[in-house]
Structure formats: C-alpha cells, structure tokens
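# Notes for the structure review
What follows is each chain in one-letter form.
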Amino acid sequence: MSTAFQTHRKLAGPILAGLLLLLFLFPIYWFYITSLKGPKEIDRFPPALWPEEPTLNILRVIAEANVAQYLSNSLIIATGISLLTMGLGVGASWALVRIRGKWIDAILITIVVLQMLPAALMATPLYVIFSNLFLLDTRAAVVIAASAKSIPFVIILLRPSFLKIPKEVIEAAAVDGCTGWRLFRFIAFPLVRNSVIIIFALIFMQAYGEYVFSRSFLNSDGKLPASVGLVTEFFGQYERDVTGAMAFGTIYLTPMLVVFVAIQRKLVSGLTAGAVK
Amino acid sequence: MKRGATFEFAMLATAILFLLVFAGIPLIYTVILSFQEIDPFKINRIVHEWVGFENYRDTLGSAKAWSVFSNTVIFLCLSVSIQFVVGFGLALVFVSRFVGRDVMRGLFLVSWITPQIAVGIIWVSIFSQKIGILNYALTSLGIVDAPIGWLTDPDYALYSVTIANIWLGIPFNMIFLTVGLLAIPSNLYEAARMDGANAWSRFRHVTLPSMIPTIVTVISLGIIFTLQQFELFAAMTSGGPAGASLVMQYWSWEFSFLTFEIGKGSTIATAMLLFVTVVGGFYVYFSRVDDVV
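Remember, predicted model here, so these are calculated numbers, not experimental data.

In terms of regular secondary structure, chain A is built from 11 helices and 0 strands. Ordered by position in the sequence, the α and β elements of chain A form the string α-α-α-α-α-α-α-α-α-α-α. Relative to a compact globule of 277 residues, whose C-alpha radius of gyration would be 19 Å, chain A shows 24 Å and is clearly more extended. Burial statistics for chain A: of 277 residues in total, 56% are counted as buried. For chain A, restricting intrachain contacts to residue pairs at least 6 apart in sequence, the fraction spanning at least 24 positions comes to 71%. Averaging the positions of the 23 positive and the 15 negative side-chain charges in chain A gives two centres separated by 14 Å.

To continue, consider a nonpolar patch on the surface. Residue and element names in this part refer to chain B. A cluster of nonpolar residues, Ile 28, Ile 32, Ile 46, Val 47 and Trp 50, forms a patch on the protein surface that exposes about 510 Å² of accessible area. With respect to the helices, strands and loops of the structure, Trp 50 is situated in strand S2 (residues 49-50). The exposure class of Trp 50 is exposed, given its relative accessible area of 53%.

So, on to the packing of aromatic side chains. Counted by the stated rule, this structure contains 45 aromatic pairs over all chains. Here A:Trp94 and A:Phe184 contribute two aromatic rings whose centre-to-centre distance is 6.4 Å and whose plane-to-plane angle is 40°, an arrangement assigned as tilted. Here the residue A:Trp94 occupies a position in helix H3 (residues 67-98), and A:Phe184 occupies one in helix H8 (residues 180-208), the gap between them amounting to 90 residues. With a relative accessible area of 1%, A:Trp94 lands in the buried category. A relative accessible area of 8% means that A:Phe184 is categorised as buried. Through a chain of ring-to-ring contacts, the aromatic side chains of A:Phe24, B:Phe94, B:Phe98, B:Phe108, B:Trp123, B:Phe127, B:Trp150, B:Tyr156 and B:Trp167 assemble into a single cluster.

One finds A:Phe130, A:Phe162, A:Phe213, A:Phe217, B:Phe94 and B:Met236 to be the most contacted residues of the largest nonpolar core, which totals 189 residues. In terms of residues, this core owes the most to one element, helix H6 (residues 139-163) of chain A, which gives 15 residues. If we skip the residues at most four places from it in the chain, A:Phe162 touches A:Val90, A:Ser93, A:Trp94, A:Val97, A:Phe184, A:Ala188 and A:Val192.

To continue, consider helix H4 (residues 102-114) of chain A. With 13 residues, H4(A) ought to run about 18 Å at 1.5 Å a step, and its terminal C-alpha atoms sit 19 Å apart, in line with that. Among the residues of H4(A), A:Ile104, A:Ile107, A:Leu108, A:Ile111, A:Val112, A:Val113 and A:Leu114 are the ones counted as buried.

What follows covers the side chain of B:Ser266. Examined against the element boundaries, B:Ser266 turns out to sit in helix H13 (residues 262-292). Excluding its chain neighbours within four sequence positions, the residues that come into contact with B:Ser266 are A:Thr124, B:Thr30, B:Leu33, B:Ser34 and B:Ser256.

This part covers the interface of chain A and chain B. On the side of chain B, 94 residues touch chain A, which itself brings 102 residues to the contact. Roughly 9,100 Å² of surface becomes buried between chain A and chain B when both sides are summed, with 81% attributable to carbon and sulfur atoms. On the chain A side of the interface with chain B, the three residues burying the most area are A:Phe24, A:Met116 and A:Leu121, jointly 8% of the side's total. Here chain A is connected to chain B by 1 salt bridge.

Moving on: the confidence of the model for chain B. Summarising the model, chain B shows a mean pLDDT of 88, and 96% of its residues fall at 70 or more. Low pLDDT (under 50) marks residues 289-293 of chain B, which in the prediction has 14 contacts with non-local residues, meaning those over four places away or in another chain.

What follows covers the packing of helix H10 (residues 226-234) of chain A against helix H6 (residues 116-127) of chain B. It is at 9 Å that the axes of H10(A) and H6(B) come closest, and there the two elements cross at 30°. What the angle tells us is that H10(A) and H6(B) run roughly parallel. Of H6(B), the residues touching H10(A) (which contributes A:Ser227, A:Leu230 and A:Val231) are B:Ile117, B:Ala118 and B:Ile121. In the contact of H10(A) with H6(B), the residues fall into 5 nonpolar, 1 polar and no charged.

A few words now on empty space enclosed by the protein. For the structure shown, the criterion picks out 5 cavities of 30 Å³ or more. Of the pockets and cavities examined, the largest cavity occupies roughly 770 Å³. Together, 34 residues line the largest cavity, and A:Lys149, A:Gln206, B:Gln116, B:Gln228 and B:Glu231 are the ones closest to its centre.

Let's shift gears to the environment of B:Ala269. If you trace the backbone, B:Ala269 turns up in helix H13. B:Ala269 sits in the buried class, given a relative accessible area of 0%.

The next point concerns the side chain of A:Asn57. Residue and element names in this part refer to chain A. Residue position: Asn 57 is located in helix H2 (residues 57-64). A polar atom in the side chain of Asn 57 sits 2.7 Å from the backbone oxygen of Ser 35. Contact partners of Asn 57, with chain neighbours within four places excluded, come to Thr 34, Ser 35, Leu 36, Lys 37, Thr 243 and Ala 247.

Glancing now at the layout of surface pockets. In this structure, the largest pocket occupies an estimated 1,200 Å³ of space. Around the largest pocket, the lining comprises 50 residues; the ones closest to its centre are A:Phe235, A:Gly236, A:Gln237, A:Arg240 and B:Ala235. No other element matches the 4 residues that helix H12 (residues 248-257) of chain B contributes to the lining of the largest pocket. Classifying every residue of the lining of the largest pocket by side-chain character gives 26 nonpolar, 15 polar and 9 charged.

We now examine a negative patch on the surface. A contiguous patch of negative charge on the surface is contributed by B:Glu37, B:Asp39, B:Glu49 and B:Glu54. Summarising the element assignment, B:Glu54 is placed in helix H2 (residues 54-58).

The next subject is the confidence of the model for chain A. Per-residue pLDDT for chain A has a mean of 87; in total, 94% of the residues score no lower than 70. Ranking the elements of chain A by mean pLDDT puts helix H1 (residues 2-35) of chain A last, at 81, and helix H9 (residues 212-217) of chain A first, at 96.

Another point: unusual backbone geometry. What is expected of a backbone is that most residues other than glycine have negative phi and most peptide bonds are trans. Not every positive phi belongs to a glycine, and A:Asp137 is a case in point at roughly 60°. Checked against the element boundaries, A:Asp137 lands in the loop between helix H5 (119-132) and H6.

Looking now at the pattern of salt bridges. A side chain of one charge can pair with a side chain of the opposite charge if their charged atoms are brought near each other. Residues and elements named next belong to chain A. The full count for this structure, using the stated rule, is 7 salt bridges over all chains. In this structure, the salt-bridge partner of Arg 60 is Asp 241, at a minimum N-O distance of 2.8 Å. In this pair, Arg 60 sits in helix H2 while Asp 241 sits in the loop between H10 and helix H11 (242-275), placing the two residues 181 residues apart along the sequence. Relative accessible area serves as the criterion here: at 29%, Arg 60 is assigned to the partly exposed category.

Conventions adopted
- Residues numbered from 1 in each chain as written.
- Chains lettered and ligands numbered in written order.
- Predicted model: local features only at pLDDT ≥ 70, side-chain atom pairs only at ≥ 80, totals over all residues.
- Heavy atoms only, no water.
- Helix = DSSP H or I, 4+ residues; strand = E, 2+ residues; numbered from the N terminus.
- Rg over C-alpha atoms; globule rule 2.2 N^0.38 Å.
- Buried < 20%, exposed > 50% of the residue type's maximum accessible area, 1.4 Å probe, protein only.
- Contact = heavy atoms within 4.5 Å.
- Lys, Arg positive; Asp, Glu negative; His and termini not counted.
- Charge placed at Lys NZ, Arg CZ, Asp CG, Glu CD.
- Patch = residues over 30% accessible without salt bridge, like charges linked within 9 Å, V, L, I, M, F, W, Y side chains within 5 Å.
- Areas by Shrake-Rupley, 256 points an atom, 1.4 Å probe, with all protein chains shown as cover.
- Salt bridge = Lys/Arg side-chain N within 4 Å of Asp/Glu carboxyl O.
- Phe/Tyr/Trp six-rings, centres within 6.5 Å; stacked < 30°, edge-to-face > 60°.
- Core = buried A, V, L, I, M, F, W, Y, C linked by side-chain atoms within 4.5 Å.
- Expected span 1.5 Å × (residues − 1).
- Buried area = accessible area lost by both parts, 1.4 Å probe.
- pLDDT = per-residue confidence, 0-100.
- Axes fitted to C-alpha atoms, helices over the stretch in contact; angles between N-to-C directions.
- Parallel < 35°, antiparallel > 145°, perpendicular 65-115°, else oblique.
- Nonpolar A, V, L, I, M, F, W, Y, C, P; charged D, E, K, R; others polar.
- 1 Å grid on protein atoms, 1.4 Å probe; cavity = no way out; pocket = protein on both sides within 12 Å on 5 of 7 lines; lining within 4 Å.
- Points joined across faces, edges and corners; volume = space filled by probe spheres on them.
- Polar contact = N/O pair within 3.5 Å; in protein donor to acceptor, adjacent residues only side chain to side chain.

Structure follows, in structure tokens:
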C-alpha cells in the first residue's frame, strides 16, 4: 500500500509538470500545425487540430517572398547587436568589479534604470538623432540602438560572475605582474567564459527577434529583417495570409528553436546565476 | 588599485560614453522634443520650433489620455500579478525532484526566446473570432454561447493582448522563483516541522519570508518587461479597435512613426519615461544595488 502510494507520488510530479508544459507549449504546436494547413482548411470552423490537407506553404512562401534576404538581414542585425553589446558590455562588467567608489554605485543604479527604458519610446529621440547623423535606413542604426538597450542587461547578468572570482586568484596574478589587459585576458575572462557564452547566446536570440527599431528606422525592402518582413509581407492591415505568415514564421523560428533546445539547461543557469543568490 | 587601472578605466569609459550618447542623451532629448513641433521634412536639425506646452495639452490633456493611461495600468497590473501567481504555482510544482524536471522547466523558456512579433501572430490565429481555436474550445465546452471577438470587440481586445503577454511572462517568473525556492535551506523547514507547523504555516512563515528578495526581483522584472511590450500590440490589435487596447508606449510610437507628429510622440514618451524611472527608483531602493547588480 505504502509503496503504491509512493509510486503515485513519484509519478504525480512529472505527470503534472508534463501536462502543464504541454498546455503552455500549445501556441507553438498551433503555430506549426497552422503553417501546414491548406488554403480552404484555414477558413474552416471548427479548426482542425491536425492538418487534413497538409500543404507545404513553405514552398509558396519561398517563391513569393525574398526569404533569404530577410533572414540574412536578421542574421546581420543580430550578429552586429551581439558583437557590439558583448564587446562593450564584458569589459565594462569587469571594470565595474575592479574599480570601486561612490560614483561606481551611481553608475550601477543608472545602468539598472537604463535597462528599463522601453525601446518603443527610445525610438522617437533616436530617430531624430540618427537622422542628423545620416544613419536612418541603415542596419547600423538598428544595431546601435538595440545595443544601447542590451549593454546594461549584459552588465547586470555578467558582473556577478566576475564578482565570484576569488580575491586570492587576482592578487596572486597581480604579484606575478599580471595586470590590466593581461589580467583580464588570461585570468578573469577564462574564469567567466561560460557565462559570457550563455549571455552571448541570449543576446543573440533576442536580437534575432528585434522588431521595434527595425520597424522605426528602416524602410528599404532590402534591409528589413524577418521580424518586419513577417508583418509587411503576410500580415498587412488589409490582407492577411495566415498560413503564409506561419510558414514564413517556421523558417524564421525553427533554427532558433533547435539551438534553444540544445542549450536550454545552460541558459537557465546562466540567467539565474547572478540574479538570485 | 587606483594606480595601473588605466585599462579598466578605458573599458568602462568606452561603454559609458556609448550609453551616454545613445541612451542618456536621447532620454533628455525626448523631454526637449516634447516642447517642440517637428516638421517631418525638416527633421535634420537639433532645435525645432518651440511650442511650449501645446503637445502636452493635445495629448495628455486630451479626452483620450485617461483611457490610454488606464489601459496601461490595467495591462500592467493584470499581466504582472497573474504571471506572478501562475509562475509561483509552477515553481512549487517544479521545486520537487522528479525525472526530467530540469528539461521540462527549461522548455518553458521557449516563449522567451521566440521573436515577440511571431508570438503576436500566433495568438492572433488562436484568438480569431471566426476560425480561432479558443472560440471553438469555449463554445464546444459550452462556456460561451456565441464566438467572442477577442481582438475586434472593444470589451475584450486589451485582455486578449494581456493573456498573450502573460504567456510571455510566465517562464521567467517560474524559473527565478524555482531557483529562489531551491535556495531556502532545508533545515528551516525541518525546524518548523519540529515546532509542529503545518504545510500552510510553513509556507507562510518559512517560504514567503525567505522569498521576499526573489519576489521583489521577479515583480520588478515583470513590470519592466510589461512596460516594454510593443510587438504584441503591433501584431494583434494596433491599439484598436477604436483605441480600446491603446497603451502609452504604443500611443507614443503611433504619433512618431505613423502620423509623424514627433513632438507629440515625445510628450507621451516623456510622461511614460518618468513613470518608468520612478518604478526603477523603487526597484533599486527596495532591492539595494548589491542584490540587483
């Protein structure tokens, strides 16, 4: 009796958790299913839970829209954002551990607040500034604006990892004459490399979905990322091609989902390592 | 440490300079722009025509302002509270040990890495009045008699976007709260049990007090992420129908980028940024920088 009860208890956790997960993932399932529905099927009520006339809308989408162009723009923008963000953010996180003082606290507080500023609001002043700098309708404008938004985020996530490096390690290195760039490059950076990789992945994935700044600053078709293309090509105000949007979406999303599933456990630990003590 | 820290200072100065130019200055510039009228054809100048408080009268002083403000507050409060409660519930499920726990927990994050504009489009197809799966489920279960216009009925549009936003926000609530729960020393529970505390009073007197810092962090992050939300509105309702789901951040963007009234867009942005900065101040004050950063 008691063993039966224990098995029940053992199973209750995974079953409950699994059901909740399935319920939560339903929109993703619905997304893939819809992308496979036929042109008549999509307007049918009740909606089919499984495509009855499976259609490869992907082929139609590839023929209709310049998918490769959109995806390469998304990749260019995401690469630019993550490189610029990490390039400035990693060094700043380290510096904010090494340098102490009252004004450092002020910088940290400012950084926390900067991270909260909504992109949709920052787009307005940045639009006027970029216009004066002749940067409108360039992918560089999107990269700069989005990086200014994510550098504070990197500092918040990464600084705790630098803080965890034992003082003795740093002191020992300093005794050996290892300071400045070399201390960072050969001692500190290798110790936080895993966090840097995880945060890089996180920033890249978010940048891959960047929408607000691209929508605000870009207008040449050849420069738009897939996030904007998804709306302009298939989800306009007057004409909506649901299966087309979903099919385009699967091309856009699937590579990211595959990477995500591969690294999700590390992502969780990287996200929470600093924020919760 | 001051001596020989040139390298560190250089690293910090580069980042600070960048943030100053592309975040700090724009922030202040928004306020300046809010007192100007900007001719979209003569945008390439720093100072435009000064109009005093005209933009403020036309936007924040208009009849629409109150409904936009209350939409923003409703969206914020419902999103943050419901995603917190659901996230906490899930965290309590995921805190016990079982096979596949970490994998299942991690998979919840999928909503977090999916491009939000795509998330919006997925929810449009779920909420669709005529062909949406949600109306089908509700009518066939007998919960509602007639299909609801989730995105087209002014009474529902804001709440539909809120539901989608809650879906986006659940995972980080759940994950941060699980980590917080796991960090509570088990001897606290043992001690409480020895004192004869039942499950509820263990939750009330051990779990909750130990979780306060995590709860503050998670709720603050929830507020921050919710105030940033833009893509869902863009994909699902565009603030409609008839402004029923219009929130501050979308209103501001609509002025600047759809009707090209940059001065008015800046005015709403100024009001909203002020609000965000106050929230940010509370967050920093209550959680102390050392805990946050």
